[in-house]
Structures are given as C-alpha cells and as structure tokens.
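Summary of structural features
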Amino acid sequence: MDYSQFGAMLPELIILGLFLIVFIFDTFSGDNSKRFLTPLTTVLFGLATIAIWLIPASNESIFGGMYIDTSACKAMKAILNIGVFIVFLQSAKWVESDEVAIRKGEFYELILVTLFGMYLMISARHFLLFIIGLESASLPLAALVAFNKKHYESHEAAIKYILTAVFSSAILLMGLSFVYAFSGGSLYFDDIRANILSGEGSGLLIAALAFVIAGIGFKLSLVPFHLWTADVYQGAPTAITSYLSVISKGAAAFAFFVIFVDAFGPMFERAWEWMMYAVIIATITVGNLFAIRQKNMKRFMAFSSISQAGYIMLGVMAGNVGLASMMFYIFIYIVSNLGAFAVISSIENNSGKVSMDDYDGLHKSNPWLAFAMTLAMFSLAGIPPFAGFFSKILMFTAVTSTNSMALYMLVLIALINTIISLYYYLLVVKAMWIAPGDAKIGSFKSACGEKLALWICVAGIVFAGLVPYIYDYCRAVVG
C-alpha cells in the first residue's frame, strides 16, 4: 500500500490531528487545566478552518478512485467548518455549565468525529467509503442528542434518532446491494453511471434508486422521511440541534448531489425525475404549513429546516449548473439558521424559555437579541436586501437556466411557498416587536462566545449577499 496517498487527505488529517489533541488534553490534563479546553479547541479549530480554506486542492483520486479531492469538495468542507466554528462559539457557555462541564471533552470529540465522517461523504466516489463516512457521521450524533443525561426528552430524542438512523441505513444498504448486483458488480459512481448509459443495467436498478433516495432522504429530512426531525430537535440540547439543522444537512445535500449526478444521473432523468419533483414540493410545503402551528422555537426551527431542505434540493435538480448556487445557499443557510439558534440558545441558557410566546416584547429587555433574530428571520424568509434573498434568487436562476418547463413550474411552486414562509417567520418578529405588554424575558448579558457567534452571523446575513466574493468563490471552485 502506498501510504503517500494519505497526503491528498489533508482536510481529514487536520481534523483527526485536532481530535487527537483534544482527546489527549482531555484525558491527561488536571482539573485546573481543563478550564482551557474550550478556548483551546475553539482557537485550534478556527486555525484548522483557515488552513483548510487556504490549502489548494490536489485534484487527485486516491485509493483506487474511492476518494477524490477537488476544489468543490474542499470548499464545501471549509463552509461546514465555518458552521462548526460558530456552533463552538455559541455553545461555550453551555459546555461550561455544571451539568455538562465534566463531559465537555466528549462533546468536542464527538463533533470532530461526525465532521470527519461528513468529509468522507463529500469526497467519496465509491459507495463503500460513502457508507463509512455516513455511519461515522450518524452514530456519534445519537450520543450528542442524548448529551443531557438527566433529561428524559434528550433520551427520547436519542432513541428516535438512532432507530431512524438504523432503519434508514438498512434501507440504503438494501438499495446498494441491488446496485452492486445489477451494475456489473461495482460500487464506483463512474462504473454505475457507465453501466446505466450502456443499457446493460437491470430494471431493478430503478427500484434500487428508490431505496437510495429513501435512505439519504432520512438524513436530509425530506418528506415523507421527516417525521423524526421535530421530536429530535426539541429533545436534543440546543447546541446539538443547531449542529443537526445545518452542518449534517449541508454535508448530506452535497453528497446527495454527487450521487445523483455522478452515479444515477441517466436513470434519474428516465425514471425518477417527476417523483423527485413531488418530494421537493411536498418537503417545502409540509415544512411551511407545519411551521405555522408551532410555538416551541426548536420545533419551529425544525419544520423551517425541513422546508429549507427542499429549497437546497432544487440545486440537485439543476445538475452541474446548480452546484455553485447550492453551495452558496448552504453557506447563507448556515449563517442565518445559526444566527437564530444563537439567540434561542442565549435565551434558553439565561431564562430556560423556548416558547415563541415568551419572546413577546423582547426588544424592550434585549434589543440586540431581538435585532439579530429579526435579521435571521428576514434572511431565512428571503427578504431583500439580506443574504437569504440573494441565495434564493441565485438558486431559482440556476434552476430555470436549464429551460425545462417542469423546472419552471417547480420554481413557481417554490416561490408561492416563499410567501407562506414569510408569514410564519414574521410571527417571531411580531412577537418580539409588536406584541403588547411587558417583556416576558428579563434583561441579561449574553456570554462572550454567544456575542461573537451572533456578530459573525449578522455580518454574514448583511454582507454575504451584497459582496459577491462568496458566490464568485463557489463558481470558481465548481469550474
């Protein structure tokens, strides 16, 4: 075996190195030294994010073509790292609380393991490596969901998550067994595509693709595979909920794109195109309609994330034309959603309140938090001139550039749903700024990490759409 091949996996090696540093420090340091674990991990991870962003992609295929390091893969990993860095900042106060402090090392270690698995999913060009990455990302998340050991809701959420993960993985593996059997005995994306184009594949490959869609659909919370999402988001610690809602969804969306375009593209166009249109429409619509009914802010954000998953999937429908827009949309979704979760986390840590009704009059007691939440809601809704507006416009433009009447209709339905989403996002704004009476949440000072996370998110929401650097970068790495 040529061990020099590992040199092409620099992002993965950086994350593994950071994991070992955190693990050794957490295991062997004394109680007085462990108070430095949180700032040490956050700073080192910030440096790792900069390094991954600056290191040029090798564009090299290694391990027999199972792994590839392209500019688009590296950019996607850097985008995910920015989201994880924000999660580390906004969770700093929570991990130092009396209930969690003794296990804060495990929190960072599990996050890094899941991120390593997502890296493998992004760069995989063989289904065996993809499954290894998927399980490396999924199983530690079950432990993170159950991180609040003394909370029944956290245990219940973890059970629902692990059962869903097991069943979705079983469905995916069943589909891949069909793929292996009827595509010439190969799990390479390129070989599967070539087999389909040659016309030698069995009709059972069509059924196999259904299993693959279902298996990955669970990870993305696509309708009708979404039923676990709201309960898990509500029961998990808020820091973990924010991580689940954006980081894992972004990695799964990129992997979904690669699988569909590189492996199943020809079959998708022949057999599953209209079914995927139906899944996307149902995902956006169901997410929006159920979000209107929610009062718990974490369940509210859960159904919002389901709807946003449908918008992200529009990039998959556009094929290679939509990849840059999808990456840009994921980046904007990360800063907007994590901005909202930073406010939710800060309020929960200081008051224990997570109901939308408790946000009545928030601008009177905590105007900065109300302002930041308003920007996040406006961006998620796609209101100009905030970044979410530009991400939706660019996504719709990419989809309609294919000149397909079916995709024109898909975009039209998505636009109608955007109006529905505007209503329920403004419910939060109404509670904070218009609801009569005194504020139900007293004035408090957010922790430094929460403030810094909010500043980063607000800067992204305000400037990422107006300054074209991020989108131009996504277009450049896609080629």
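In case you missed it, the structure is sitting above this.
Structural notes, computed from the coordinates. Predicted model, so just to flag it, every value in this text is computed and none were measured.

**Quick look at empty space enclosed by the protein**
Across all of its chains, the model carries two cavities of 30 Å³ or more by this definition. The space that makes up the largest cavity amounts to roughly 200 Å³. Lining of the largest cavity is provided by 20 residues; of these, Ser-138, Leu-141, Tyr-161, Lys-219 and Ser-248 occupy positions nearest its centre. Those elements that place two or more of their residues in the lining of the largest cavity are α5 (104-123), α6 (127-145), α7 (152-182), α9 (204-220) and α11 (238-263). Of all the elements, α11 adds the most residues to the lining of the largest cavity, at five residues. Looking at the lining of the largest cavity residue by residue, the class counts come to 13 nonpolar, five polar and two charged. Quantified by volume, the second largest cavity comes out at close to 50 Å³. The wall of the second largest cavity is formed by Gln-308, Tyr-329, Ile-332, Tyr-333, Ser-336, Ser-379, Leu-380, Gly-388, Ser-391 and Lys-392. The element that contributes the greatest number of residues to the lining of the second largest cavity is helix α14 (residues 323-351), accounting for four residues. Split by residue class, the lining of the second largest cavity holds four nonpolar, five polar and one charged.

**Describing α14**
The terminal C-alpha atoms of α14 lie 41 Å apart, and with 29 residues this matches the ideal 42 Å at 1.5 Å per residue to within 8%. For α14, a buried count of 25 out of 29 residues is recorded, marking the element as mostly surrounded by other parts of the structure. Where α14 terminates, the next one or two residues include Gly-352, which has phi positive at roughly 75°.

**A closer look at the environment of Ile-441**
Its location among the elements puts Ile-441 in the loop between α18 (405-433) and α19 (448-463). On the basis of relative accessible area, Ile-441 is assigned to the buried category, the value being 3%. Distance from Ile-441 to Phe-178, taken between C-alpha atoms, is 55 Å for residues 263 residues apart in sequence. Sequence-distant contacts of Ile-441, that is, excluding residues within four places in its chain, are made with Ile-347, Ser-351, Lys-353, Asp-358, Leu-362, Ser-365 and Asn-366.

**Considerations on the packing of aromatic side chains**
If you walk through the whole model with that rule in mind, you get 29 aromatic pairs. Pairing Phe-290 with Phe-303 gives two aromatic rings, centres 5.5 Å apart and planes at 20°, and the pair type is stacked. Of this pair, Phe-290 sits in helix α12 (residues 265-292) while Phe-303 is found in helix α13 (residues 297-317), placing the two residues 13 residues apart along the sequence. Residues Phe-389 and Phe-390 carry aromatic rings whose centres are separated by 5.3 Å and whose planes lie at 75° to one another, so their mutual orientation is edge-to-face. Through successive ring pairs, a cluster of aromatic residues spans Phe-45, Phe-88, Trp-94, Phe-107, Tyr-108 and Phe-147. Cation over ring: Lys-392 sits above Tyr-311, and NZ or CZ is 4.8 Å from the ring centre.

**Quick look at unusual backbone geometry**
Here the amide bond leading from Val-223 into Pro-224 is cis, since omega sits at 10°, within 30 degrees of zero. Mapped onto the fold, Pro-224 is located in the loop between α9 and α10 (229-235). Geometrically, the link from Pro-384 to Pro-385 is a cis peptide bond, its omega value of 5° lying close to zero. Secondary-structure assignment places Pro-385 in the loop between α16 (367-381) and α17 (387-400). Located in the positive-phi region is Phe-63, a residue other than glycine, with phi close to 55°. Within the secondary structure, Phe-63 is located in the loop between β1 (60-62) and β2 (67-69). Overall, Phe-63 belongs to the partly exposed group, its relative accessible area being 23%. We note that Ser-221 has phi near 65°; this positive angle belongs to a residue other than glycine. In this structure, Ser-221 sits in the loop between α9 and α10.

**Here we look at the side chain of Ser-325**
One can find Ser-325 in helix α14. Polar side-chain contacts of Ser-325 include one of 3.2 Å to the backbone oxygen of Leu-394.

**A short note on the state of the cysteines**
For the structure on display, the rule yields zero disulfides. The thiol sulfur of Cys-448 is not disulfide-bonded, and the nearest other cysteine sulfur, from Cys-457, lies at 16 Å. Judged by its relative accessible area of 1%, Cys-457 is buried.

**Observations concerning a nonpolar patch on the surface**
Side chains of Met-405, Tyr-408, Met-409, Leu-412 and Ile-416 sit close together on the surface and give an oily, nonpolar patch of about 500 Å² of accessible area. Within the secondary structure, Met-405 sits in helix α18. The class for Met-405 is exposed, based on a relative accessible area of 60%.

**What to know about the side chain of Thr-70**
Mapped onto the elements, Thr-70 comes out in the loop between β2 and α3 (71-90). Among the polar contacts made by the side chain of Thr-70, one reaches the main-chain amide nitrogen of Cys-73 at a distance of 3.2 Å.

**Here we look at the layout of surface pockets**
Volume-wise, the largest pocket comes out at about 370 Å³. What lines the largest pocket is a set of 21 residues, and nearest its centre among them are Asn-148, His-151, Thr-238, Lys-298 and Glu-348. Here the lining of the largest pocket takes three residues from α14, the largest share from any one element. Of the residues that constitute the lining of the largest pocket, the class distribution is six nonpolar, 11 polar and four charged.

Rules of the game
- Residues numbered from 1 in each chain as written.
- Predicted model: local features only at pLDDT ≥ 70, side-chain atom pairs only at ≥ 80, totals over all residues.
- Heavy atoms only, no water.
- 1 Å grid on protein atoms, 1.4 Å probe; cavity = no way out; pocket = protein on both sides within 12 Å on 5 of 7 lines; lining within 4 Å.
- Points joined across faces, edges and corners; volume = space filled by probe spheres on them.
- Helix = DSSP H or I, 4+ residues; strand = E, 2+ residues; numbered from the N terminus.
- Nonpolar A, V, L, I, M, F, W, Y, C, P; charged D, E, K, R; others polar.
- Expected span 1.5 Å × (residues − 1).
- Buried < 20%, exposed > 50% of the residue type's maximum accessible area, 1.4 Å probe, protein only.
- Contact = heavy atoms within 4.5 Å.
- Phe/Tyr/Trp six-rings, centres within 6.5 Å; stacked < 30°, edge-to-face > 60°.
- Lys NZ or Arg CZ within 6 Å of the ring centre and 35° of its normal.
- Polar contact = N/O pair within 3.5 Å; in protein donor to acceptor, adjacent residues only side chain to side chain.
- Disulfide = S-S within 2.5 Å.
- Patch = residues over 30% accessible without salt bridge, like charges linked within 9 Å, V, L, I, M, F, W, Y side chains within 5 Å.
- Areas by Shrake-Rupley, 256 points an atom, 1.4 Å probe, with all protein chains shown as cover.
- Salt bridge = Lys/Arg side-chain N within 4 Å of Asp/Glu carboxyl O.

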